[in-house]
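# Structural description and commentary
Chain by chain, the residues run as shown.
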Amino acid sequence: MDVSVPRTLDEALAALADRPDAMVLAGGTDVMVGVNAGRQTPTAVVALRAVEELRTWSVDGDRLRLGAGLTYADLLAPDLAAMVPALAQAARTVGSPPIRNAGTVGGNLATASPAGDTLPVLLALDAELDLASVEGRRTVALRSFLTGPKRTQLRTGELIVAARVPATRPHQEYRKVGVRNAMVIAVASVAVVVDADVGVVACAMGSVGPTPLRAPRAEEWVAGRIDWGTGVPDAGVAAEFGRLVAEESRPIDDHRSTAAYRRHAVEVLARRALESTLAGVARAEAA
Amino acid sequence: MTMAPPTGTPGTPGTTARGVAGGLGESARRPDGGPKVRGEFAFAGDLWADGMLWGATLRSPHAAARIRSIDVGPALAIAGVATVVTAADVPGSANYGLEERDQPVFAADVVRYAGEPIAAVAADHPETARRALAAIVVDYELLPPVTDPELALTGEPLHPDGNVFRHLTIRHGDPTARGPVVVEGTYEIGMQDQAFMGPEAGLAVPAEDGGVDLVVSTQWLHNDRDQVAECLGLRPDQVRLTLGGVGGAFGAREDVSLHVHICLLALRTGRPVKVVYSREESFLGHVHRHPARIWMRHTAEPDGTIVSFEARIVLDGGAYRSSSYHVVANASCFAAGPYRVPNAHVEGLGVRTNNPPCGAMRGFGAVQVCFAHEGQMDKLAAACGIDPVELRLHNALDHGDHLLTGQRIDGTLPVARVIRETMALPLPEPAADELLSRPGAAGRTTDAPHVRRGIGFAVGFKNLMYAEGYMDGSEAACVLVDGLATVQCAAAEVGQGFVTLAQQIARTVLGVERVLVAPAETASMGSAGSTSASRQTWMSGGAVEQACLAVRDQLLAHVASTLGCAAADLEIVGGAIRSVPGAALDVDIAVEDAAPGVPFEARRVFHHRVTLPLDADGQGDAHVSMACAAHRAVVDVDPELGLVRVVQLATAQDVGRALNPLSVLGQIEGGCAQGVGLATMEELVLEAGKVRNASFTDYLIPTALDMPEVVTTLVEEPEPGAPFGAKGVGEPPVISSTPAIVAAVRAATGVDLTRVPIRPQDVALADRPR
């Protein structure tokens, strides 16, 4: 097996151009499970752990750039968590500390599981992804990047370099149901991001469709039913918002849960997440 | 005694009443504890031999099929593949089985469950072996799998032995007696897995005599040896088993798994062969807890006195018999719970299906019926308008009462006491307003106002040791030289702590602190029986005690002869041989100095008292002894999402005598964890007979965030006839913990939950039609 351990992004892209069939290895928390189960039999590996530039983050104006090599543990660091608290909340629900020390944002994006925990948050934040290959660079909206269960627009020879999200949306939240209190794959999850300045609510769901889904009709409906000066919604709005979000879910029955429960769970989670994020807005406005 | 979470250093050398550290009654330190904690303990998966090959097993992906043909040629053509074996290569008995030989070593013409072995390969590398498996061509004719036990009962036989492993009827008392209060219910238990951490593993080495030496993780070396020898066509003495390091068992290692395959590969290739199952293969390669559907009807007087009990228990045994016959007996004999029931009719059925084989798991039939009878007791209490704990106390079995089988309880069974002691334990603090302590925990699903707290209670019991006339025994040997005792017994140490107990017994009896426990193996030792049925402390503990007593008597006789006194004038006190009070001589010699260089050796076989088979009405003195425990569960529930957080389990357990209190606590906490798992998350999900969640990603077991505080009282009423008065303690913790948790969730939500594990939708969508 050919194993390449590049030190720079250019070296990594060159290695991948050299072996387009190579398995890209970041934290290994997904691909090594596949290798151990015999589902993947790589003959070449490009290991990204030594590419330091993938493991950094930076703020440019009101945009936060998250290197694809940041681990879930990195997302829990207080300075990052203060800017994207829902991403830290999502990271905290992933696995155990050893898994959080290994698994990466880029890995979560590339695996593109409908249950990937950072994905609903990044989707609700309208994240843009920086992709690169030896052919050049391009930027793709996460919304179009995810094309199906474990399917993306990523091309052969291409790497995810970074995700870019707003750095100034403090009212955001991630909630996730699993059948265990920790170390569990989402049965259903919801991310809500409120931008009180422009009066917009964004909501994304996980594990209730072939990809993480936005709930555009519910978002549009709710935006006009909140007093954005105070952050207070009209009576019954949160409950109706939950129902509308659930209507936009497309869950299935599988060995982890049922479609009926998943639809119910996103309704409850969306209602609760809206209530608590708006309560945060109300506190901020009052202060 | 009531035990807070242990403080200080467990097993710190102290002084027993007799002056030797680490004796009975102390929380003696485990000899394997340090290495296990440091990661230095060699488990069976760590075995290695120079020049060894790696074995792997091809398993059927189909639950029911006819095999038209198997072509191993493409596998043999792969470089590095040493051999491929199928049913045609099994030289001896084609079948094995724990009790009856009904399970093929390899499926020859019919596949009866998804995961059934078809062939095995040996190759120079695990990856080569895996590729070889993929290259074997099996032509299957698919059959519709029969996965509903009720359909299997009336359907075509799936096996020459038929589809009923056992149909046991218990008729007790007056069949027409009925009380005015009637409660009835149907309960379901999903398929729980033992989920031990160390997957099945072994190393087989061909021997000069044409036999084979097998190091393997197992619960019962001698039973394995006999089955392996039969299948290989060898004499039992040509198959020598040694216990490998066992990473948990809980019943799943009672049956043969890789044993015959690996020995066959070693004999065919003339080279050592190692096999380690993957996690997925482990889920397919061992038996599980029987899923059950149980109907019960109780009638009672208005004051709650039980008048009659009826039950129909259907256990899905899966494709092969394993221990189903005896699981049916336990489920039936203990179906009513630890209560006085004068009149009863119980039908117990174990049925063959095309589901994965089921067999022994901690609690062995008592777990399933306890969930049902405790649900019934709560219903009966409600129907009578009586507090559920009072109702249980009112009907509690005690010494002198009779079981459903007519057997009189002639030992201890302090049911009322474990109930009262459990209720006397402190309740937890009100829910802390802390995210990680709420239902959903890290998932942040639940805010404080969404939480409802509930409290539930349950009691359970089961037998200790094998039953129904089985002639059980265990052999142990002891050698004492210069104050160093070596104890040997073939009892499988699977993590329960027998090696510690054996040391404690020898220290107390012989007055020495240095005790070696020799490896468990079949070549030099007779059978110790299985590490199951809560039996090793009693059976092999009894054998070790007798061997040590015999050595002590030899030592005292030797010293007496050198001193010219009578052995009866001497005793061991602390680490010294001393003259008894009033003896003519005044003797005080350290045991280790008493007979320099002289070895004393003894070997003893221990038997428990005789039991009898059950008659046609399910009556008879079939059981040796019983143990009980009670659990009170406190849970926090998010009813809207159906998420459960178990806050506390309080338990009092009937232990006879706690020989190693810390080990007892370990058994209690571990059993509670498995009870939490069965109540809230553990289930192998099947679809048309195929396991859908054969991984620790999807077969969920409790994490530290799911495990409640456990507060414990050990009820010590020494059991007559038991060595040291001690009862086995491994199984009771897992029996009533599950129903107590479910009762607490019912109390918190008002939902009549009749199935475990509780799935979130069972609570959250309870008002919707299924």
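### Topic: the sheet that holds strand E27 (residues 588-590) of chain B
Residues and elements named next belong to chain B. On the basis of which strands lie adjacent, the open sheet formed by three strands has the order E25-E26-E27 and antiparallel pairing. With partners counted over all chains shown, the strands left at the sheet margins are strand E25 (570-573) and E27, one partner each. Each strand of the sheet is rotated relative to its neighbour by a mean of 30°, with strand direction disregarded. Here E25 runs beside strand E26 (residues 576-579); their pairing, made up of four bridges, is antiparallel.

### What about the pattern of salt bridges?
All names here are of chain B. Enumeration over the complete set of coordinates arrives at 62 salt bridges over all chains. For Glu184, the salt bridge goes to Arg297, with nearest N and O atoms at 3.7 Å. Of the two residues, Glu184 sits in strand E11 (residues 181-189) while Arg297 sits in strand E17 (residues 292-300), which places them 113 residues apart along the sequence. Overall, Glu184 belongs to the partly exposed group, its relative accessible area being 41%. Overall, Arg297 belongs to the partly exposed group, its relative accessible area being 25%. Asp762 is the partner of Arg759 in a salt bridge, and the nearest nitrogen-oxygen pair spans 3.2 Å.

### A few points about the packing of aromatic side chains
Residue and element names in this part refer to chain B. Tallying each qualifying case throughout the model produces nine aromatic pairs over all chains. Aromatic pair Phe283 and Tyr699: ring centres 5.3 Å apart, planes at 50°, arrangement tilted. You can see Phe283 sitting in helix H7 (residues 279-285) and its partner Tyr699 sitting in the loop between strand E32 (690-691) and strand E33 (709-715), a full 416 residues away along the chain. As far as burial versus exposure is concerned, Phe283 and Tyr699 are alike and both buried. Aromatic ring contacts, followed pair by pair, group Trp220, Tyr466 and Tyr470 into a single cluster. Taking the ring centre of Phe41 as reference, the NZ or CZ of Lys36 above it sits at 4.7 Å. Over the ring of Phe196 we find Arg253, and its NZ or CZ is 3.7 Å from the ring centre.

### With respect to the interface of chain A and chain B
Opposite the 32 residues of chain A that make contact, chain B presents 37 residues. Carbon and sulfur atoms supply 51% of the area buried between chain A and chain B, which totals about 2,800 Å² over both sides. Contact with chain B buries surface across chain A, with A:Arg180, A:Asn181 and A:His255 losing the most and accounting together for 28% of the total. For the pair chain A and chain B, the number of links is six salt bridges. Inspection of the chain A/chain B interface yields 21 residue pairs in polar contact (both at pLDDT 80 or more). Of all the elements in the fold, those that place two or more residues in the side of chain A that touches chain B are helix H2 (31-36), helix H5 (85-92), strand E11 (171-177) and helix H12 (259-286) of chain A. For the side of chain A that touches chain B, the element with the most residues is H12(A), which contributes eight residues. When its residues are assigned to classes, the side of chain A that touches chain B shows 14 nonpolar, 10 polar and eight charged.

### Notes on the environment of B:Val479
All names here are of chain B. Within the secondary structure, Val479 is located in strand E22 (residues 473-481). Relative accessible area serves as the criterion here: at 25%, Val479 is assigned to the partly exposed category. Linking Val479 and Pro599, residues 120 residues apart in sequence, is a C-alpha distance of 6.7 Å. Contact partners of Val479, with chain neighbours within four places excluded, come to Leu484, Ala485, Thr486, Phe600 and Glu601.

### What about the environment of B:Gln238?
All names here are of chain B. Considering the arrangement of structural elements, one finds Gln238 in the loop between helix H5 (221-232) and strand E14 (239-243). Accessibility expressed as a relative area gives 10% for Gln238, which makes it buried. When the C-alpha atoms of Gln238 and Asp209 are compared, they prove to be 7.3 Å apart, with 29 residues separating the residues in sequence. Excluding its chain neighbours within four sequence positions, the residues that come into contact with Gln238 are Asp209, Gly210, Gly211 and Val212. A polar atom in the side chain of Gln238 sits 3.4 Å from the backbone oxygen of Asp209.

### Describing the packing of helix H9 (residues 366-384) of chain B against helix H10 (residues 388-395) of chain B
Any two packed helices are characterised by how steeply their axes cross, that is the angle between the axes, and by the distance between the axes. All names here are of chain B. One way to put it is that H9 packs onto H10 with a least axis distance of 9 Å and a crossing angle of 110°. One way to sum up the angle between H9 and H10 is to call them roughly perpendicular. Across the interface between the two elements, Glu374, Met377, Asp378, Leu380 and Ala381 of H9 pack against Pro388, Leu391, Arg392 and Asn395 of H10. In terms of residue class, the contact of H9 with H10 is made up of five nonpolar, one polar and three charged.

Basis of the calculations
- Residues numbered from 1 in each chain as written.
- Chains lettered and ligands numbered in written order.
- Predicted model: local features only at pLDDT ≥ 70, side-chain atom pairs only at ≥ 80, totals over all residues.
- Heavy atoms only, no water.
- Pairing = 2+ DSSP bridges.
- Helix = DSSP H or I, 4+ residues; strand = E, 2+ residues; numbered from the N terminus.
- Axes fitted to C-alpha atoms, helices over the stretch in contact; angles between N-to-C directions.
- Salt bridge = Lys/Arg side-chain N within 4 Å of Asp/Glu carboxyl O.
- Buried < 20%, exposed > 50% of the residue type's maximum accessible area, 1.4 Å probe, protein only.
- Phe/Tyr/Trp six-rings, centres within 6.5 Å; stacked < 30°, edge-to-face > 60°.
- Lys NZ or Arg CZ within 6 Å of the ring centre and 35° of its normal.
- Contact = heavy atoms within 4.5 Å.
- Buried area = accessible area lost by both parts, 1.4 Å probe.
- Polar contact = N/O pair within 3.5 Å; in protein donor to acceptor, adjacent residues only side chain to side chain.
- Nonpolar A, V, L, I, M, F, W, Y, C, P; charged D, E, K, R; others polar.
- Parallel < 35°, antiparallel > 145°, perpendicular 65-115°, else oblique.

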